[in-house]
Amino acid sequence: MNTLYGNVQSNILAKAQQIRLLVCDVDGVFSDGRIYLGNDGEELKAFHTKDGFGIKALGASGVDVAIITGRNSAIVANRMKALNVAHIIQGQENKLPALIELTQQLNINLNEVAYIGDDTPDLPCIEAVGLGISVSDGHPLVLRNADYTTFTRGGFGAVRETCDLIMQSQGSLASASGASI
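All of the points below concern the structure found in this document. (Residues numbered from 1 in each chain as written. Predicted model: local features only at pLDDT ≥ 70, side-chain atom pairs only at ≥ 80, totals over all residues. Heavy atoms only, no water.)

**Some points on the overall build of the protein**
Across its full length, the protein holds 7 helices and 8 strands. In terms of overall dimensions, the protein is globule-like: its C-alpha atoms have a radius of gyration of 15 Å, near the 16 Å expected for 181 residues. For the protein, the proportion of its 181 residues judged to be buried stands at 49%. For the protein, the share of sequence-separated contacts (at least 6 apart) that also reach a separation of at least 24 residues comes to 58%. In the form shown here, the protein has an accessible surface area of approximately 8,300 Å², with 46% of it arising from carbon and sulfur atoms. On the protein, the mean spot of the 13 positive side-chain charges and the mean spot of the 19 negative ones are 5 Å from each other. (Helix = DSSP H or I, 4+ residues; strand = E, 2+ residues; numbered from the N terminus. Rg over C-alpha atoms; globule rule 2.2 N^0.38 Å. Buried < 20%, exposed > 50% of the residue type's maximum accessible area, 1.4 Å probe, protein only. Contact = heavy atoms within 4.5 Å. Areas by Shrake-Rupley, 256 points an atom, 1.4 Å probe, with all protein chains shown as cover. Lys, Arg positive; Asp, Glu negative; His and termini not counted. Charge placed at Lys NZ, Arg CZ, Asp CG, Glu CD.)

Here it is, written out as structure tokens:
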């Protein structure tokens, strides 16, 4: 089937139709994976406003959003709070137990979860969920094992593409609303 980004297999859209929770890695997904460090230890990351709109629109459509990341960062916490992401899980090098705990708290089955990542620490989550997603510039093992690979690179709208895919499959894309922040 044709989506805004290109042709997607019908089985991927069927999986996306079942999604109640989108879980995202951060570095390499919301950002391009680079971390800028200043001489005084200041850390900077770049986030794309398209992804911000996608997250807000997906949340408004009724799909919950979470992040699970291996690092702890005030920048990430602040960005996710601005996007109304309710579930911000940081400092989790082993992400699968955190994912399982979150789904139990939310009473959601793993087959109702989409997970988007870019590197091998994301692989157990990508393989465990109903719709495992890799950004187009993900690690080769992640690309090989994901159900879906975005047309867009991490940090350049891959999260927005994922949100659009889920909303299109669920029939809510036309009424998408949010704020591009």
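**As for the sheet that holds strand β8 (residues 148-149)**
Spatial ordering of the open sheet is given by β5-β4-β1-β6-β7-β8, a layout of 6 strands whose pairing is parallel. If you trace the sheet from one side to the other, it starts and ends with β5 (87-89) and β8, each paired once. Alignment of strand β4 (residues 64-68) against β5, held across 3 bridges, turns out to be parallel. Paired with Ile 67 across the bridge in β5 is Ile 88. Each of β1 (21-24), β6 (113-117), β7 (131-134) and β8 touches helix α7 (residues 158-170); the most contacted strand, β1, lies at about 165 degrees to it. (Pairing = 2+ DSSP bridges. Axes fitted to C-alpha atoms, helices over the stretch in contact; angles between N-to-C directions.)

**Considerations on the side chain of Glu 161**
Among the secondary structure elements, Glu 161 is positioned in helix α7. Only 2.8 Å separates the side chain of Glu 161 from the backbone nitrogen of Phe 151, close enough to count as a polar contact. With near-sequence residues (within four places) excluded, Glu 161 lies in contact with Tyr 5, Tyr 148, Thr 150, Phe 151 and Thr 152. (Polar contact = N/O pair within 3.5 Å; in protein donor to acceptor, adjacent residues only side chain to side chain.)

**Quick word on the environment of Val 29**
Here Val 29 lies in the loop between β1 and β2 (36-37). Val 29 gets classed as buried once you look at its relative accessible area, which sits at 0%. Sequence spacing of Val 29 and Asp 118 is 89 residues, and the spatial spacing of their C-alpha atoms is 6.4 Å. Ignoring sequence-local partners within four residues, the contact set of Val 29 consists of Asp 51, Ile 116, Gly 117, Asp 118, Val 135, Gly 154, Gly 155 and Val 159.

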